[in-house]
Amino acid sequence: MTLLVKNAGIPLPSGDIVVGNIYIEDGVITYIGRKEIQADRVIDAEERLTIPGGIDIHAHVYDPAYTSNEDWETGSLAAAFGGLTTIVDMPLRTIVDNRKILEEKLGEARKNSYINYGVTGGFINEKNYNSIPELARYGVKTFKFFTCRPFKISDEALPDAFEQVAVANGVAIVHAEDESLIGYWEKKLLSQNSITAFHSSRTGATEASAIYRVGYISLDVGARVHIAHLSSREGIEAVAVLRKKIGLTSEVTPHHLFFTRDETSRFGAYLKVAPTIKTREDRDALWRALDEGIIDAYVSDNAPAPRSMKEANVWEAWAGIPNLEIMIPFLFTYGILQRRISLARFIDVTSRNPAKILGIYPLKGELSIGSHADLVILETGRSKRITASTHHHKVDWTPWEGMELYGYPYYLIVNGEVIIEKYELIGKKGFGTYIGELKPRKR
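Numbering of residues starts from 1 in each chain and follows the order in which that chain's sequence is written. Totals for whole chains, interfaces and linings use all residues, but because this is a predicted model, local features are given only for residues with pLDDT of at least 70 and pairs of side-chain atoms are given and counted only at 80 or more. With hydrogens and water set aside, each side-chain value is computed from the structure's full complement of heavy atoms.

The protein goes by Amidohydrolase in an unreviewed UniProt entry, where it is assigned to Desulfurococcus amylolyticus DSM 16532.

> For this particular structure, what's the right way to read the pairing of strand 2 (residues 17-25)?
For a regular strand, side chains alternate in direction, first toward one face of the sheet and then toward the other. Strands pair, by our definition, only if DSSP identifies at least two bridges between them. The helix count covers DSSP runs of H or I at least four residues long, the strand count covers runs of E at least two residues long, and both are numbered beginning at the N terminus. Bridging between strand 1 (residues 2-11) and strand 2 involves eight bridges; their strand directions are antiparallel. When the sheet's bridge partners are listed, P11 is paired in strand 2 with I17. From the end of strand 1 to the start of strand 2, which pair antiparallel, there are five residues, and G15 there has a positive phi angle of about 100°. Bridging between strand 2 and strand 3 (residues 28-33) involves five bridges; their strand directions are antiparallel. Paired with N21 across the bridge in strand 3 is G33.

> How should I be thinking about the UniProt feature "domain: Amidohydrolase-related" (unreviewed entry) in the protein in this particular structure?
Taking the UniProt record as the reference, the feature "domain: Amidohydrolase-related" (unreviewed entry) is found at residues 51-418. Measuring from the first to the last C-alpha atom of residues 51-418 gives 15 Å, for a span that is 37% helix and 15% strand. UniProt positions are given in the numbering used here, feature names are shortened, and annotations may be inferred rather than shown by experiment.

> Is there a simple way to think about the sheet that holds strand 14 (residues 375-379) in this case?
In sheet architecture, strand pairing relies on hydrogen bonds along the backbone and comes in two forms, parallel and antiparallel. The strand order across the open sheet formed by five strands is 5-14-17-18-19, and the pairing between neighbours is antiparallel. Because the sheet does not close on itself, it has two edges, and the strands there are strand 5 (50-52) and strand 19 (424-425). Here strand 18 (residues 417-421) runs beside strand 19; their pairing, made up of two bridges, is antiparallel. Paired with E421 across the bridge in strand 19 is E424.

> Sorry, what's going on with the packing of helix 1 (residues 72-81) against helix 2 (residues 99-112) here?
Helix-helix packing is described using two parameters, namely the angle between the two axes and the distance between the axes. Convention adopted: a line fitted to C-alpha atoms gives each axis, helices being fitted over their contacting stretch, and angles between N-to-C directions are expressed from 0 to 180 degrees. Across the interface, helix 1 lies against helix 2 with an axial gap of 9 Å and an inter-helix angle of 55°. Viewed along their axes, helix 1 and helix 2 adopt a mutual orientation that is oblique. For the pair helix 1 and helix 2, the crossing hand works out as right-handed. Together, W72, E73 and S76 of helix 1 and K105, E108, A109 and N112 of helix 2 make up the contact between the two elements. Classification convention: Asp, Glu, Lys, Arg as charged; Ala, Val, Leu, Ile, Met, Phe, Trp, Tyr, Cys, Pro as nonpolar; all other residues, Gly among them, as polar. Of the residues that constitute the contact of helix 1 with helix 2, the class distribution is two nonpolar, two polar and three charged. Every angle not falling under 35 degrees, over 145, or within 65 to 115 is termed oblique; those three ranges are roughly parallel, roughly antiparallel and roughly perpendicular. Each crossing is labelled by how the near helix is turned from the far one, with a counterclockwise turn of less than a right angle marking it left-handed and a clockwise turn marking it right-handed. Contacts are residue-level and defined by heavy atoms, with any inter-residue pair within 4.5 Å sufficient.

> I'm lost on the packing of aromatic side chains in this one. Help?
We describe a pair of aromatic rings using the distance from one ring centre to the other and the angle between the two ring planes. Pairing of aromatic rings covers Phe, Tyr and Trp, the last counted by its six-membered ring, and requires centre-to-centre distances within 6.5 Å; plane angles under 30 degrees mean stacked, over 60 mean edge-to-face, and any other angle means tilted. Throughout the structure, instances matching the rule amount to 21 aromatic pairs. For the ring pair F258 and F259, a centre distance of 5.0 Å and an interplane angle of 90° mean the geometry is edge-to-face. Comparing F258 with F259 shows no difference in burial state: the two are buried. Consider the rings of Y410 and Y411, whose centres lie 5.4 Å apart with planes at 80°: the pair is edge-to-face. For Y410, a relative accessible area of 9% puts it in the buried group. Note on exposure labels: buried denotes an accessible area under 20% of the residue type's maximum, exposed denotes more than 50%, and partly exposed covers the range between, all computed with a 1.4 Å probe on protein chains only. Residue Y411 is classed as buried on the basis of its relative accessible area, which comes to 4%.

> Sorry if this is basic, but what is going on with the pattern of salt bridges here?
Charged atoms that come close allow side chains of opposite charge to pair. Salt bridges are defined by distance alone: a side-chain nitrogen of Lys or Arg within 4 Å of a carboxyl oxygen of Asp or Glu. Taken as a whole, this structure holds 22 salt bridges when the rule is applied. Across the salt bridge formed by R48 and E46, the nearest N and O atoms sit 2.7 Å from each other. By relative accessible area, which is 16% here, R48 ends up buried. Accessibility expressed as a relative area gives 47% for E46, which makes it partly exposed. Of the charged contacts in the structure, one is a salt bridge between K105 and D89, with a shortest N-O distance of 2.6 Å. Note that K105 is positioned in helix 2 and D89 in strand 7 (residues 84-89), a separation of 16 residues in sequence. Judged by its relative accessible area of 0%, D89 falls in the buried class.

> Mind showing me how you'd approach the nonpolar core here?
For soluble globular proteins, the rule of thumb is that nonpolar side chains tend to be buried together. Only buried residues count toward a nonpolar core. Its members are Ala, Val, Leu, Ile, Met, Phe, Trp, Tyr and Cys residues joined through side-chain atoms within 4.5 Å. One finds F145, F162, I227, F330 and F346 to be the most contacted residues of the largest nonpolar core, which totals 98 residues. A per-element tally of this core places helix 12 (residues 327-336) first, with seven residues. In this structure F162 touches F145, A172, V174, V214, I217, S218, V221, A223 and V225, once residues within four positions along its chain are discounted.

> What's the story with the sheet that holds strand 9 (residues 142-146) in this structure? I'm lost.
Taken in spatial order, the five strands make up an open sheet running 9-10-11-12-13, and their pairing is parallel. Sheet topology places strand 9 and strand 13 (297-298) at the edges, where each strand pairs with a single neighbour. In this structure, strand 10 (residues 171-175) lies alongside strand 11 (residues 224-227), joined through four bridges in parallel fashion. Within the sheet, the bridge partner assigned to A172 lies in strand 11 and is V225.

> Mind showing me how you'd approach the pairing of strand 1 here?
With eight of its 10 residues buried, strand 1 lies for the most part within the structure. Pairing between strand 1 and strand 4 (residues 41-44): four bridges, direction parallel. Bridge pairing links K6 to D44 in strand 4.

What follows is the structure in structure tokens.
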């Protein structure tokens with residue numbers, strides 16, 4: 001099967017955009033240039049910006065015990081309409097530490113995902129870190145750790161677990177917050193049943209303290225560490241120091257790039273997330289760190305739940321929101337259009353860097369000859385309004401309700417198969433690739 005994407009707005013490393021044609025054979029890009037090659041199917045991008053599909057390395061999509069929250073069909077569909085062509089499922093509550101649960105998750109993805117998929121192992125703790133080699137044999141590349149509740153690994157076991165990650169040539173994705181500081185602040189604030197009190201209970205120092213600790217342990221042990229969902233100035237400072245010593249990587253979410261603590265009261269527990277929403281100064285620091293390359297990846301941390309799980313005492317309510325469907329449009333609108341980041345950085349944090357962290361670059365994450373044809377053609381001149389009444393998530397609410405965003409997928413192509421055409425779903429489930437089976441070529 002051959003596909004020609006003609007008149008594509010192709011970004012160059014310089015930041016310029018040139019109009020050219022992209023020829024695809026059996027799901028692989030084999031030509032980029034001016035020639036118009038005969039193909040089984042031709043798509044006219046009409047000079048719209050054409051970029052590698054987004055890769056989300058941190059999305060809670062499928063948990064067999066929480067299928068009312070999200071599943072592979074709804075999650076992958078929301079991701080596709082959010083400009084993503086690959087998502088890596090993060091454990092939610094069910095621990096992924098054996099082949100049986102891994103195969104259950106992969107089986108659901110094979111049947112129901114519209115896009116490429118992976119699975120993160122975890123939560124890794126003192127009882128199961130010896131499962132890392134087995135998971136790695138079946139293609140798991142990333143392993144989730146907590147330094148705090150509710151899935152904290154013991155202090156004594158952390159170096160040994162990191163060593164297992166290093167031997168497996170994997171990546172330790174760490175939710176880095178200091179448990180002792182969380183406990184300290186919760187005791188002071190627990191009597192206040194307000195979302196502001198909850199967000200105040202996890203400070204920038206709480207984040208930075210844990211980042212420094214896991215960073216220096218990884219320095220001694222030799223494990224690759226990736227800090228999940230950075231949220232504070234102090235956390236950024238810690239990451240900046242450790243990047244120079246160990247090559248540590250990190251990520252940021254749309255909600256930490258947008259909301260501030262001052263405005264959380266109008267959302268109540270619907271905007272409960274962890275790490276918490278911080279100040280305007282923290283938000284601005286995250287944007288600068290994203291622009292300067294201190295933060296490597298942009299992720300959803302998608303973790304929606306039904307209303308019944310959000311409408312509770314704020315300390316007991318579910319932490320998480322639906323994010324997959326806003327991913328590329330949000331960063332395009334608030335990053336590129338508001339001149340906070342360049343187009344080159346946009347592609348780095350949405351595609352290239354996540355693929356490199358996963359070890360699948362340049363098969364994924366790049367628009368080049370020999371790369372898989374995971375492409376998104378963006379509509380940048382026309383906005384779309386976010387509303388839970390039309391989004392593809394399983395839940396019937398969103399904190400992004402009413403927001404107008406640019407950069408939605410006009411076309412979305414996964415492994416050479418057209419999934420979205422002129423904003424409409426035309427693809428079927430099952431065209432996605434399990435990234436654990438990929439063997440990237442050398443450049």
